[in-house]
Amino acid sequence: MNLDRLSSLWADLSRVPASLPVALAAALAVFALGIVAYRLLFSLLARLARVTETSLDDVLVRRMRLPARMLVALVSLHTYAILRGGELPTLQKGVLMVELSLAAYLAIEITETMVIDYWLGERRQIQFPALVRHLLLTIVYLVAGLSIVGAVTGIDLVPVLATSTVITVVLGLALQDTLGNLFAGLALHSERPFSVGDWILVDGIEGKVVYVGWRSTRLRTFSGDIVILPNSVIAKARVQNFCAPDRTCARNIEMLVALAAPPEAVERAARRACAQVDGVLHEPEPRLWLAAVTPLFQRYVIKFWIDDFERHDILESAVMRAFFIACREEGVALSPAAAQPAITLGARPGDPAMQVEVLPAIAAAPAIAAAPAPAAAPAPAARSAIDG
């Protein structure tokens, strides 16, 4: 008698379409078993994630929980649809499509985290470009979606793809500039001439890179403004990166000292000035060289290194102020006019007047003094005018 009931129950369960109570009971049983399996699996994964040193597995487990719960619910619904058979063919295909989509999402997320984030990022210290990563994931998701739709519905997607090729050509011609910026962005991400946080100079614009996207790159200038440059413009322009190959960069400032100033005293003043400014690196050591000697002054170049390009103007100003104070302590005159205040132009013996001009590099305006000029020496009045 019991065997007859069991055989009758099995026949009822195996019959498609099954009755509504049987379909509901089977779906609830599958759901309960799925929840138990879900909790056991993620409990084991959480324990393994706590043991490992990396934090990527913890993030991955948290991201997988919601899709896994949805997959359990969809499997139970799929069981109900299968048991009801011919009554719900559309529901059965829809549920199967969503199930496969969730399974593909979980597989792609696991592969992305393990390969790109862990194996390349943490193990090999290779930073995968964000633009290339997004483009690759878009292609993978598109291929997976088309494959799922074609497998479930049985639709041949080749004519659809052929029609989309014509549309793609038309859109490509219409979006030529946008596509040019896109491929230029791919080239920038693959070559990595700069990254976010670097200070660069491109097309006469100096700024800090705050964003590198698919179409454009954004710079924040010293005045706080945001400049948006298309990637195609950057790809064709000359780019100077002040933070490559490392954050150390050299700065040059020019100083004019009196013609009679001893070079040893100037060098001592320059070294003292660089040593007093906080932010100037001691290694490499600052350097000083004599760039030019004119009849009026000596021109020196002070070269020093910093590791914060954002403060380069402040540090340059501080070095110049410290050099001025150090020169005064060393007895070195910075003003060339202190050594030779003027030169005489067009003075001829016997001229009733002598014209005196100070070069524009020394004074803001020429100084002219007129006085009787004997052939042997200037008159006292003219000399006092020159000295003044």
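The written sequence of each chain sets the order in which its residues are numbered from 1. At least 70 in pLDDT is required for a residue's local features to be given in this predicted model, at least 80 for side-chain atom pairs to be given and counted, and no such filter applies to totals for whole chains, interfaces and linings, which use all residues. Hydrogens and water are ignored here; the side-chain numbers use all heavy atoms of the structure.

**Let's talk about the overall build of the chain**
How we decide: For the purposes of this entry, the term helix denotes a DSSP run of H or I that reaches at least four residues, the term strand denotes a run of E that reaches at least two, and both are numbered from the N terminus. Residues count as neighbours in contact if any of their non-hydrogen atoms are within 4.5 Å of one another. Accessible surface area values rest on a Shrake-Rupley calculation with a 1.4 Å probe, where residue burial reflects the displayed protein chains alone.
When helices and strands are tallied, the chain shows 12 helices and 10 strands. At a minimum sequence separation of 6, the contacts of the chain that also span at least 24 residues come to 60%. Accessible area for the chain stands at about 23,700 Å²; split by element, carbon and sulfur atoms hold 63% of it.

**Section: the packing of aromatic side chains**
The criterion, for reference: Planes of paired rings set the category: under 30 degrees apart is stacked, over 60 is edge-to-face and the rest tilted, where pairs are Phe, Tyr or Trp rings (Trp by its six-membered ring) whose centres lie within 6.5 Å. Summary of the burial criterion: residues with accessible area below 20% of their type's maximum are buried, those above 50% are exposed, and those between are partly exposed, where the area comes from a 1.4 Å probe applied to protein chains only.
Evaluated as defined, the whole model comprises five aromatic pairs. Both rings, one in Tyr-38 and one in Phe-42, keep their centres 4.7 Å apart while their planes meet at 50°; by these two values the pair is tilted. On the criterion of helical spacing, the pair formed by Tyr-38 and Phe-42 is a turn pair, its members being four residues apart in helix α2 (residues 20-51). In this pair, the class of Tyr-38 matches that of Phe-42, namely buried.

**Let's talk about the sheet that holds strand β8 (residues 297-306)**
Stated formally: Pairing between two strands is assigned when DSSP locates at least 2 bridges connecting them. Lines fitted to C-alpha atoms define the axes here, with helix axes fitted over just the stretch in contact, and angles between the N-to-C directions of these axes take values from 0 to 180 degrees.
Strand order in this open sheet of three strands is β6-β8-β7, and the pairing throughout is antiparallel. Because the sheet does not close on itself, it has two edges, and the strands there are β6 (249-258) and β7 (287-293). For this sheet the average axis-to-axis angle between neighbouring strands, irrespective of direction, equals 25°. Of the pairings in the sheet, the one linking β6 to β8 comprises 10 bridges and is antiparallel in character. Counterpart to Glu-254 in the pairing with β8 is Val-301. Contacts from helix α9 (residues 263-276) reach β6, β7 and β8, with the element oriented near 30° to β8. Contacting β6 and β8, helix α10 (residues 312-330) crosses the sheet at an angle of about 30° to β6.

**Side note on the pattern of salt bridges**
How we decide: Criterion for a salt bridge: a side-chain nitrogen of Lys or Arg within 4 Å of a carboxyl oxygen of Asp or Glu.
In the structure shown here, the tally under the stated rule is nine salt bridges. Ionic pairing is found between Arg-272 and Glu-329, a salt bridge with its closest N-O pair at 2.5 Å. Remark: Glu-329 occurs in helix α10 and Arg-272 occurs in helix α9; sequence separation between them is 57 residues. Looking at Glu-329, the relative accessible area reads 53%, which means it is exposed. Its salt-bridge partner being Glu-330, residue Arg-272 comes within 2.7 Å of it at the nearest N-O pair. One end of the pair, Arg-272, is in helix α9; the other, Glu-330, is in helix α10, with 58 residues separating them in the sequence. What makes Arg-272 partly exposed here is its relative accessible area of 30%.

**Digging into the nonpolar core**
The condition is simple: Throughout this description, the term nonpolar core refers to a set of buried Ala, Val, Leu, Ile, Met, Phe, Trp, Tyr and Cys residues connected via side-chain atoms within 4.5 Å.
Ranked by size, the top nonpolar core spans 30 residues in total, and within it Val-257, Ile-302, Phe-304 and Phe-323 carry the most contacts. Among the elements of the structure, β6, α9, β8 and α10 are those that each provide at least two residues to this core. At seven residues, the largest contribution of residues to this core is made by α10. Setting aside chain neighbours within four positions, we find Phe-304 in contact with Cys-249, Ala-250, Arg-251, Ile-253, Cys-274, Val-280, Pro-286, Leu-315, Glu-316 and Val-319.

**Structural notes on the packing of α9 against α10**
For clarity, the cut-off: For this classification, under 35 degrees means roughly parallel, over 145 means roughly antiparallel, 65 to 115 means roughly perpendicular, and everything else is oblique. Crossings are assigned a handedness: left-handed for a near helix turned anticlockwise from the far helix by less than a right angle, right-handed for a clockwise turn. When residues are grouped by polarity, Ala, Val, Leu, Ile, Met, Phe, Trp, Tyr, Cys and Pro land in nonpolar, Asp, Glu, Lys and Arg in charged, and all others, Gly among them, in polar.
At a minimum axis separation of 8 Å, α9 and α10 run at an interaxial angle of 135°. It follows from the interaxial angle that α9 and α10 lie oblique. By crossing handedness, the relation of α9 to α10 is classed as right-handed. Side by side, α9 and α10 meet where Ala-265, Val-266, Arg-268, Ala-269, Ala-270, Arg-272, Ala-273, Cys-274 and Gln-276 of the first sit next to Val-319, Ala-322, Phe-323, Ala-326, Cys-327, Glu-329 and Glu-330 of the second. Partitioned by chemical class, the residues of the contact of α9 with α10 number 11 nonpolar, one polar and four charged.

**So, the confidence of the model for the chain**
Which entries qualify depends on this criterion: pLDDT runs from 0 to 100 and stands for how confident the predictor is about each residue.
Model confidence for the chain is summarised by a mean pLDDT of 76, while 72% of its residues fall at 70 or above. Across residues 337-388, confidence stays below pLDDT 50; counting only partners more than four residues off in sequence or on other chains, it has 53 contacts.

**Some details on the packing of α2 against helix α3 (residues 56-84)**
Following both chains from N to C, one finds α2 and α3 inclined at 165°, their axes separated by 8 Å at the closest point. Taken together, α2 and α3 sit at an angle that is classed as roughly antiparallel. Here α2 runs over α3; the crossing is right-handed. By residue class, the composition of the contact of α2 with α3 is 23 nonpolar, three polar and six charged.

**Focus on the side chain of Glu-99**
The condition is simple: N or O atoms within 3.5 Å of each other form a polar contact, as long as, within protein, one can give a hydrogen and the other can take it, and as long as residues adjacent in sequence are counted only when both atoms are side-chain atoms.
Mapped onto the fold, Glu-99 is located in helix α4 (residues 89-123). In this structure the side chain of Glu-99 is engaged in a polar contact, spanning 3.2 Å, whose partner is the backbone nitrogen of Val-75. Residues contacting Glu-99, with those up to four places away along its chain left out, are Leu-71, Leu-74, Val-75 and His-78.

**What to know about the pairing of strand β1 (residues 199-202)**
Two strands pair when backbone bridges link them, and β1 and strand β2 (residues 205-212) are joined in this way by four bridges, in the antiparallel orientation. Opposite Val-202, over in β2, you have Ile-205 as the bridge partner. Pairing between β1 and strand β5 (residues 239-241): three bridges, direction antiparallel. When the sheet's bridge partners are listed, Val-202 is paired in β5 with Val-239.

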